[in-house]
Amino acid sequence: MITDREAELAERLISLHDGRSYRELQEMSAPPKDPNDDGKITEDMYLDMCRDIENDMGALESIEFIDCLPRNESKFTLWKVKYSKSDIKVFWAVGFDSQTLKVQEVLVQW
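In what follows, the accompanying structure is described. As the structure is a computational prediction, the values presented were derived from the model and not from experiment. (Residues numbered from 1 in each chain as written. Predicted model: local features only at pLDDT ≥ 70, side-chain atom pairs only at ≥ 80, totals over all residues. Heavy atoms only, no water.)

## Let's talk about the pattern of salt bridges
This model, assessed by the stated rule, comprises nine salt bridges. A salt bridge links Asp18 to Arg20, with the nearest nitrogen and oxygen atoms 3.4 Å apart. Judged by relative accessible area, Arg20 falls into the exposed class, the value being 70%. For Arg71, the salt bridge goes to Glu105, with nearest N and O atoms at 2.4 Å. You can see Arg71 sitting in the loop between strand E1 (60-70) and strand E2 (74-83) and its partner Glu105 sitting in strand E4 (residues 103-109), a full 34 residues away along the chain. (Salt bridge = Lys/Arg side-chain N within 4 Å of Asp/Glu carboxyl O. Buried < 20%, exposed > 50% of the residue type's maximum accessible area, 1.4 Å probe, protein only. Helix = DSSP H or I, 4+ residues; strand = E, 2+ residues; numbered from the N terminus.)

## A look at helix H3 (residues 43-57)
With 15 residues, H3 extends 21 Å from end C-alpha to end C-alpha; this agrees with the ideal 21 Å at 1.5 Å per step. Three or more residues of H3 are buried, namely Tyr46, Cys50, Ile53 and Met57. Down the axis of H3, the sector holding all buried residues measures 75°, keeping them to one side. Those residues of H3 that are exposed and aimed more than 90 degrees away from the buried face are Asp44 and Asn55. Where H3 is buried, its residues touch helix H2 (22-28), E2 and strand E3 (90-97). Directly beyond the C-terminal end of H3, a positive phi value near 95° is found at Gly58. (Expected span 1.5 Å × (residues − 1). Arc of directions from axis to C-beta. Contact = heavy atoms within 4.5 Å.)

## Looking at the pairing of E1
As paired strands, E1 and E2 are joined by nine bridges and run antiparallel to one another. Each residue of the ladder has a partner; that of Phe65, found in E2, is Trp79. Between E1 and E2, which pair antiparallel one after the other, the connecting turn spans three residues. (Pairing = 2+ DSSP bridges.)

## So, the environment of Ser62
With respect to the helices and strands, Ser62 occurs in strand E1. When the C-alpha positions of Ser62 and Ile2 are compared, they lie 19 Å apart, and in sequence the two are 60 residues distant. Ignoring any residue separated from it by four or fewer positions in sequence, one finds Ser62 in contact with Lys80, Val81 and Lys82.

As structure tokens, then:
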């Protein structure tokens, strides 16, 4: 199960993929555990992802919680998201650090 705060943060993270909120998303994100990790999302990568979402899927219409996969020190939350240009639901997975509630990982699939 997830808390109201975790749900609020995940919904906020999904809605911030609007092409205008890179810095806010960075503030929500945990630093990589390995400083040499190249997995950091750059602003250009973020903008490309937002353009893809807008072009392929349209505007955000709804977000629905699916489930939570608890881990040792984190939670992996699963979401079904509806956009205006498609009947296809988009799958979002958002991983949070259990202590800090910082975002550790995000997966988007449509």
